[in-house]
Amino acid sequence: MLKSLKSNDDLVAMKEACEEKFKSDKVRVYVCMTGCRALGAEEVYGEFQKQVKTQGLEDKVEVVETGCQGLCAKAPVMTIDPPGIFYGRVSVDSVPEIISSTILKGEVINKLCYAESGKKIPYMKDIPFYNRQQKVVLRNCGVIDPKNVEHYIARKGYEGLARALFHLPPEGIIKEIENSGLRGRGGGGFPTGTKWGFVRKAKSDIKYIVCNADEGDPGAFMDRAILEGDPHAVVEGMITAAFAIGANKGFVYVRAEYPIAVDHLEFAIHQARQLNLLGDNILGSGFNFDLEIKKGAGAFVCGEETALIASIEGKRGMPRPRPPFPAISGLWQKPTNINNVETFANVPLIMQHGSEWYKQFGTKNGSGTKIFALAGNVKNTGLVEVPMGTTLREIVFDIGGGIPGRRQFKAAQMGGPSGGCVPAEHLDLPIDYESVKEVGAIMGSGGLIVMDEKTSMVEIARYFMEFVQEESCGKCGPCRIGTKRMLEVLTRLVAGNGCREDIEDLTKMAHVTKNASLCGLGQTAPNPVLSTIRFFLKEFEELIP
Amino acid sequence: MEGKESNKQVIDMSCVRDIVSKFADRDDPNLISVLQQAQDEYGYLPKSVLKEISSVMDIPLTRIFGVVTFYSQFTLTPRGRHSIKVCSGTACHVKGAEGVKQKLRDELQINEGETTPDYQFTLETVACIGTCFLAPVMMVDERYYGKLTADKTSDIVGTYSNKKLGSE
């Protein structure tokens, strides 16, 4: 049972105690217990615990379960620190050797090391995948036990909140966020501080704050990783935002398909309540706020904020026209602030270090870093965090290690079903909100799927259309009918039954759907089609008999 | 999951009443949460349970039906003991999820959205389960399986159906 914190002094004392507690000469074995579970991480973790116990090594070795360590391609992964050795493809059978050789004798086991062009790289700091990234928001992910709040607090967790509660007026917090240049990480890119300002100014006795964790874009797993690996960062960000706008109640709308994320978040909320970081009179500041998890029921459109609101209210998740915007009339017609998981996870950092510090990362149009979910035909699939303005080439080749099997890079699909395919000619595009839009894609939430020369782009366009057609809520005609008709044409084309007029018709329908749909889903649904026609027209033409 | 038995037998209504009563004193007696818990309890949403929710919560049955059919999580028919969700997200699609799906169809002799006649498995596809880095992937109940091949897929299904085979 954690002791309730009555004041900022209590928090500082707890932080010092936690730091002391984790200051030891022990070798720490960090085992990813989130994404890597899909390839048997639980068994590896269990074996480590068992072996450490039976060999009587508890004084020397500590086994820590962590969130995503990033290099998911090598799952299950683990790190041994000191000396900072990274091992991948670890199995239960390799555990005894890891203990006897690496942990006890400091010897490297070559076969478990990351390799690049035949060269083994044992230390994490030397692996390009890691040393070319800038882990700011993900600083705790893969390093702390997400279910242990003491780890979070030892690493300065909730310090930013304390600064917000005791040293800044709500308007000052909003100003700090505005000045930081933080923009919505869910895809929209709207300035976060401005959004908070609208809700702050709205007059109402009750206001709400909502975290959009309905990460539904196929190919995106950043939010999942943050919730699983560092859930307190999101909780802290939400408390700060709630204080700034004057909300006393918050909801996290999270996908039911993410059971580990829900579990870790529940843990975090429970611990925060015990510590008096949620509830009445938080840290003795007089501010009251509580959080609740709402599990989504499987509808992609609920990522759209007005649909999400309808869903929290227990209705069909259908969007409604805006204005009024949720900032004026949201949940139960009260002013509501909705931000995405990654956006909230940025807030504690800005509060802790200030907006000037934050602005050192990124570009003029977008400060800070962005987390990308790198997947598809690329060697190092995984979770990548880079400053805004990093080029696609750096992400795919320097960090991602390029395309496997000596194949050629063809395109990167960015932003999921609302985004587009960026071809090789734009590999040197610095990724920020505006430049990506110029080439017909969107930054989106951060899904980045690499496609090689063998991928048929027309088939990819069909795939996305099938997805949005299925997920269209059916409320407005342009989206309901437009996606259906475009899917029919694309299916025909892929099957080799298309005709000359199809491409022109597709383009027309795409524009109508884009311009006339009610919500973001329909307005962006044609993007994958338009961007593939723009860059890969030849492939369409080749399919016409 | 008691889905298959409860289809024929009398459905115990006290569970759904308990679930609804848990939300009764709240400001938002959330319909979706009630339906989620009821489905956890019964394995699916039988008509009689929906009628009970309608009368206790005083929500028209048509509205409840509207919500149930809107979200992919809800089902009006009994499901299998194990739910298999094959991911058809972009990364999985690019990396050959179709082969995994086909293997499952062949192995279980059912299509997506269907349940095996012995109520062991329900096969579904899901747009993305956020495990793109290990594509292609599937989830059996709440467990993730990554880097699937046709052979690996049938091995995994085998581990879940072994018990059944042994008892037959």
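A word on the interface of chain B and chain A
Counting from both sides, the interface comprises 40 residues of chain B and, opposite them, 56 residues of chain A. A buried area of about 3600 Å², summed over both sides, lies between chain B and chain A, and 57% of it is on carbon and sulfur atoms. Along the contact surface separating chain B from chain A lie 2 salt bridges. For the interface between chain B and chain A, the tally reads 26 residue pairs in polar contact (both at pLDDT 80 or more). Listed by contribution, the elements that provide at least two residues to the side of chain B that touches chain A are helix 3 (31-42), helix 5 (61-70), helix 6 (90-94) and strand 4 (143-145) of chain B. Sorting elements by how many residues they give to the side of chain B that touches chain A places helix 5 of chain B first, with 5 residues.

A closer look at the side chain of Arg462 of chain A
In this fold, Arg462 of chain A is placed in helix 17 (residues 457-471). Residues contacting Arg462 of chain A, with those up to four places away along its chain left out, are Leu487, Leu490, Thr491 and Val494 of chain A together with His93 of chain B.

Digging into the confidence of the model for chain B
All names here are of chain B. Here chain B averages 88 in pLDDT, and 90% of its residues register 70 or above. At the level of individual helices and strands, chain B shows its lowest average pLDDT in helix 1 (residues 3-8), which scores 47, and its highest in helix 5, which scores 96. Below pLDDT 50 for its whole length, residues 1-7 participates in 17 contacts with residues either more than four positions away or in separate chains. Overall fold confidence (pTM) sits at 0.94, and the ipTM for the predicted complex is 0.90.

Re the pairing of strand 1 (residues 82-87) of chain B
Residue and element names in this part refer to chain B. In terms of residue burial, strand 1 counts as a mostly covered element, since 5 of its 6 residues are buried. Pairing between strand 1 and strand 2 (residues 121-126): 6 bridges, direction parallel. Pairing of Val86 across the sheet is with Thr125, part of strand 2. With 3 bridges connecting them, strand 1 and strand 3 (residues 138-140) associate as antiparallel partners. Its bridge partner lying in strand 3, Val86 is registered against Met138.

Focus: a negative patch on the surface
On the surface, Asp12, Asp18, Asp40, Glu41 and Glu142 of chain B cluster together into a patch of negative charge. Relative to the elements of secondary structure, Glu142 of chain B occurs in the loop between strand 3 and strand 4.

Comments concerning the packing of helix 3 of chain B against helix 5 of chain B
Residues and elements named next belong to chain B. Axis separation between helix 3 and helix 5 bottoms out at 11 Å; the angle between their running directions is 70°. With respect to each other, helix 3 and helix 5 are oriented roughly perpendicular. Crossing geometry of helix 3 relative to helix 5 is assigned as right-handed. Judged by residue contacts, Leu31, Ile32 and Leu35 of helix 3 engage Arg63, Ile64, Val67 and Val68 from helix 5.

Calculation rules
Residues numbered from 1 in each chain as written. Chains lettered and ligands numbered in written order. Predicted model: local features only at pLDDT ≥ 70, side-chain atom pairs only at ≥ 80, totals over all residues. Heavy atoms only, no water. Contact = heavy atoms within 4.5 Å. Buried area = accessible area lost by both parts, 1.4 Å probe. Salt bridge = Lys/Arg side-chain N within 4 Å of Asp/Glu carboxyl O. Polar contact = N/O pair within 3.5 Å; in protein donor to acceptor, adjacent residues only side chain to side chain. Helix = DSSP H or I, 4+ residues; strand = E, 2+ residues; numbered from the N terminus. pLDDT = per-residue confidence, 0-100. Buried < 20%, exposed > 50% of the residue type's maximum accessible area, 1.4 Å probe, protein only. Pairing = 2+ DSSP bridges. Patch = residues over 30% accessible without salt bridge, like charges linked within 9 Å, V, L, I, M, F, W, Y side chains within 5 Å. Areas by Shrake-Rupley, 256 points an atom, 1.4 Å probe, with all protein chains shown as cover. Lys, Arg positive; Asp, Glu negative; His and termini not counted. Charge placed at Lys NZ, Arg CZ, Asp CG, Glu CD. Axes fitted to C-alpha atoms, helices over the stretch in contact; angles between N-to-C directions. Parallel < 35°, antiparallel > 145°, perpendicular 65-115°, else oblique. Left-handed = near helix turned anticlockwise from the far one by under 90°.

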